[in-house]
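Here are the chains, one letter per residue:
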Amino acid sequence: MARALSFDISRVYLRGARVEARAELPLDDGLVTVLFGPSGSGKTTVLRAIAGVDRPDRGTIRFDGEVWFDAEARTFVPPQKRRVGLLFQDYALFPHLSIAGNLAYGLGRLKRPEREARIHQTAERMRIADLLRRRPAELSGGQRQRVALARALAPKPRLLLLDEPLSALDAPTREELRGELRRTLEESGIPAVVVTHDRIEALALGDRMVVIASGRVRQVGAVPEVFSAPADAEVARAVGTENVLAVRLVSRSGGLVKVRAGGLELTAIDPGHLEDEAFACIRAEDIILEEAPGAPSSAQNLLLGTVATRFDEGVLTRVGIDCGARLVVLVTGRSADALGLVPGKPIAARVKAPSV
């Protein structure tokens, strides 16, 4: 029987919010699963249920053939017996203990020589050996993140659970530690589940993605697959696809389909299961803008319209265009200036069929 983590749980809160989540995740060595979705979607509820910190109202949780929770059978394995490593969003380090004391917290079952050896081994691996005598208040945000991860890894857990592990850091530190966290998770060989609502983190950290929206699992798949082929309109919006258009099928031929949204007609690769009505999704960065009227090319879709809005966002510019339907486009600020993008300017947009 293949090793897997599976959950089929329901949790209802006092204010009526409901989480009903179901998935089965293979436990391949070092595989990182991202629980992804907007704030309040139920990601942390699922993670805390897996950890045993929260008890669902109904359902089951199984890990590697063991039943951790079964509401009907009244089975509940407490957190300490599940042998999971849990990294909280705020790291939850003990302020009165040294860093060595924090790492020792989950190692009480080991004899002192073995415990000290484990602390130093983990500290060397996480590059915090020079911090062992300090207190958490004396550390930077990045150092506290490393310590919290080291504390989760020190007991050699069977499963790592990380709740928004980089959200407490400033943007430069987050960028610096993103790749380091991925390498650490790979090198540990321990399967991990990471909660995040950040698209860049999901792409950088995850092998597999579980999209949770409105308290339900909407799609499970490889991270690139979910981002490029969302299962439905809600998943598309959750993963940041800016353009989600309700369309009707016009025709299909030669592996291509034509669909219409209002006054806009698009050619796309035929997915093979398209019915009369569907949603067409186009990522904002996959649309190319040029001076109108443009010339036909292999891009398949040449859309003529006008600039409706322009918002500068650092090095990028977000442009809204009207071309029979409203589309959002992301271009560099330099390109936006070179094209003179201001509301009312005629513009041509190109979209390749595989990008729809």
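This one's a predicted model, so the numbers in the text were calculated from it and none came from an experiment.

Asks: Talk me through the overall build of the protein; I want residue IDs and the actual numbers.
Replies: Summing up its helical and strand segments, the protein has 10 helices and 20 strands in all. For the protein, the C-alpha atoms occupy an extent of roughly 75 × 50 × 40 Å along the three principal directions. Here the protein holds 356 residues, and the buried ones make up 47% of them. A separation of at least 24 residues holds for 64% of the contacts in the protein among residues at least 6 apart in sequence. A total of about 17700 Å² of accessible surface is found on the protein, and carbon and sulfur atoms cover 50% of it. Looking at the protein, you have 50 positive and 45 negative side-chain charges, and the mean spots of the two groups are 5 Å apart.

Asks: Please provide a residue-by-residue account of the packing of aromatic side chains, values included.
Replies: Scanning the model with the defined rule gives 4 aromatic pairs in all. Centre to centre, the rings of F94 and Y105 are 4.6 Å apart; their planes meet at 50 degrees, and the pair counts as tilted. With F94 in the loop between strand 7 (84-87) and helix 3 (99-104) and Y105 in the loop between helix 3 and helix 4 (112-125), this pair connects stretches of sequence that are 11 residues apart. In this structure, R55 packs its charged tip against the face of F76, placed 3.9 Å from the ring centre. In this arrangement the basic side chain of R82 is found over the ring face of F76, its NZ or CZ atom lying 5.1 Å from the centre.

Asks: Break down the sheet that holds strand 16 (residues 288-291) for me, with residues and values.
Replies: What links the strands of a sheet is backbone hydrogen bonding, and the strands pair in either a parallel or an antiparallel sense. Pairing within the open sheet is antiparallel, and its 5 strands lie in the order 16-20-17-18-19. The open sheet has two free edges, formed respectively by strand 16 and strand 19 (326-332), since each of these has just one partner strand. Geometrically, the sheet is characterised by an average inter-axis angle of 45 degrees between neighbouring strands, direction not taken into account.

Asks: An account of the side chain of T33 is requested, with residue identities and associated values reported.
Replies: Along the polypeptide, T33 turns up in strand 3 (residues 32-36). Apart from the residues lying within four places of it in its own chain, the contact partners of T33 are L25, A192, V193, V194, R208 and V210.

Asks: So what's going on with the pattern of salt bridges? Residues and values would help.
Replies: Scanning the entire structure with this criterion turns up 26 salt bridges. In this structure, R199 and E242 form a salt bridge, with 3.9 Å as the shortest nitrogen-oxygen distance. One end of the pair, R199, is in helix 7 (residues 199-205); the other, E242, is in the loop between helix 9 (233-238) and strand 12 (243-253), and 43 residues separate them in sequence. Residue K345 is joined to E291 by a salt bridge in which the shortest nitrogen-to-oxygen separation is 3.2 Å. In this pair, K345 sits in the loop between helix 10 (333-338) and strand 20 (346-351) while E291 sits in strand 16, placing the two residues 54 residues apart along the sequence. It is possible to trace a salt-bridge network through shared partners that takes in R199, E242, E313 and R318.

Asks: Can you explain the state of the cysteines? Please cite residues and give values.
Replies: One pass over the full model with this rule turns up 0 disulfides. Unpaired in this structure, C323 has its nearest cysteine sulfur neighbour in C281, at a distance of 16 Å.

Asks: Go over the side chain of R178, please, and point to the residues and values.
Replies: Relative to the assigned elements, R178 resides in helix 6 (residues 171-188). One buried charged residue, R178, remains without a salt bridge, the closest side chain of opposite sign being D198 at 5.0 Å. Discounting chain neighbours no more than four positions away, the residues touching R178 are L166, I200, E201, A204 and L205.

Asks: Quick rundown of the environment of L185? Include the residues and the values.
Replies: Here L185 shows up in helix 6. C-alpha separation for the pair L185 and R109, spaced 76 residues apart in sequence, amounts to 24 Å.

Asks: Can you lay out the packing of helix 5 (residues 141-153) against helix 6 for me, pointing to particular residues and giving the numbers?
Replies: Viewed as axis vectors pointing N to C, helix 5 and helix 6 meet at an angle of 15 degrees, and their least axial separation amounts to 11 Å. Taken together, the axes of helix 5 and helix 6 are roughly parallel relative to one another. Helix 5 and helix 6 meet at a crossing whose hand is right-handed. Residues G142, Q145, R146, L149 and L153 of helix 5 lie in contact with helix 6, whose contacting residues are T173, E176, L177, E180, L181, T184 and S188. The residue inventory of the contact of helix 5 with helix 6, partitioned by class, reads 4 nonpolar, 5 polar and 3 charged.

Asks: I'd like a rundown of the sheet that holds strand 12, residues and numbers included.
Replies: If you walk across this open sheet you meet the 4 strands as 14-13-12-15, and the pairing is antiparallel. The strands lining the two open edges of the sheet, one partner per strand, are strand 14 (264-269) and strand 15 (277-282). Geometrically, the sheet is characterised by an average inter-axis angle of 45 degrees between neighbouring strands, direction not taken into account. Pairing of strand 12 with strand 13 (residues 256-261) involves 5 bridges; the strand directions are antiparallel.

Asks: Give a description of helix 1 (residues 43-51) that names residues and reports values.
Replies: Burial analysis of helix 1 places 7 of its 9 residues in the buried class, which makes it a mostly covered element. Of the residues making up helix 1, those classed as buried are K43, T45, V46, L47, A49, I50 and A51. With its phi angle positive at about 90 degrees, G52 sits one or two positions after the end of helix 1.

Asks: Tell me about the nonpolar core, residues and numbers included.
Replies: Of all hydrophobic cores here, the largest spans 34 residues; its most connected members are L103, I128, L160, L162 and L185. When residues in this core are grouped by element, the largest group, 6 residues, is from helix 5. The residues contacting L162, other than those within four sequence positions of it, are L47, L87, L149, L181, L185, A192, V193, V194 and V195. Listed in part, the 28 residues of the second largest apolar core include L245, A268, L303 and I347.

Cut-offs used in this document
Residues numbered from 1 in each chain as written. Predicted model: local features only at pLDDT ≥ 70, side-chain atom pairs only at ≥ 80, totals over all residues. Heavy atoms only, no water. Helix = DSSP H or I, 4+ residues; strand = E, 2+ residues; numbered from the N terminus. Buried < 20%, exposed > 50% of the residue type's maximum accessible area, 1.4 Å probe, protein only. Contact = heavy atoms within 4.5 Å. Areas by Shrake-Rupley, 256 points an atom, 1.4 Å probe, with all protein chains shown as cover. Lys, Arg positive; Asp, Glu negative; His and termini not counted. Charge placed at Lys NZ, Arg CZ, Asp CG, Glu CD. Phe/Tyr/Trp six-rings, centres within 6.5 Å; stacked < 30°, edge-to-face > 60°. Lys NZ or Arg CZ within 6 Å of the ring centre and 35° of its normal. Pairing = 2+ DSSP bridges. Axes fitted to C-alpha atoms, helices over the stretch in contact; angles between N-to-C directions. Salt bridge = Lys/Arg side-chain N within 4 Å of Asp/Glu carboxyl O. Disulfide = S-S within 2.5 Å. Parallel < 35°, antiparallel > 145°, perpendicular 65-115°, else oblique. Left-handed = near helix turned anticlockwise from the far one by under 90°. Nonpolar A, V, L, I, M, F, W, Y, C, P; charged D, E, K, R; others polar. Core = buried A, V, L, I, M, F, W, Y, C linked by side-chain atoms within 4.5 Å.

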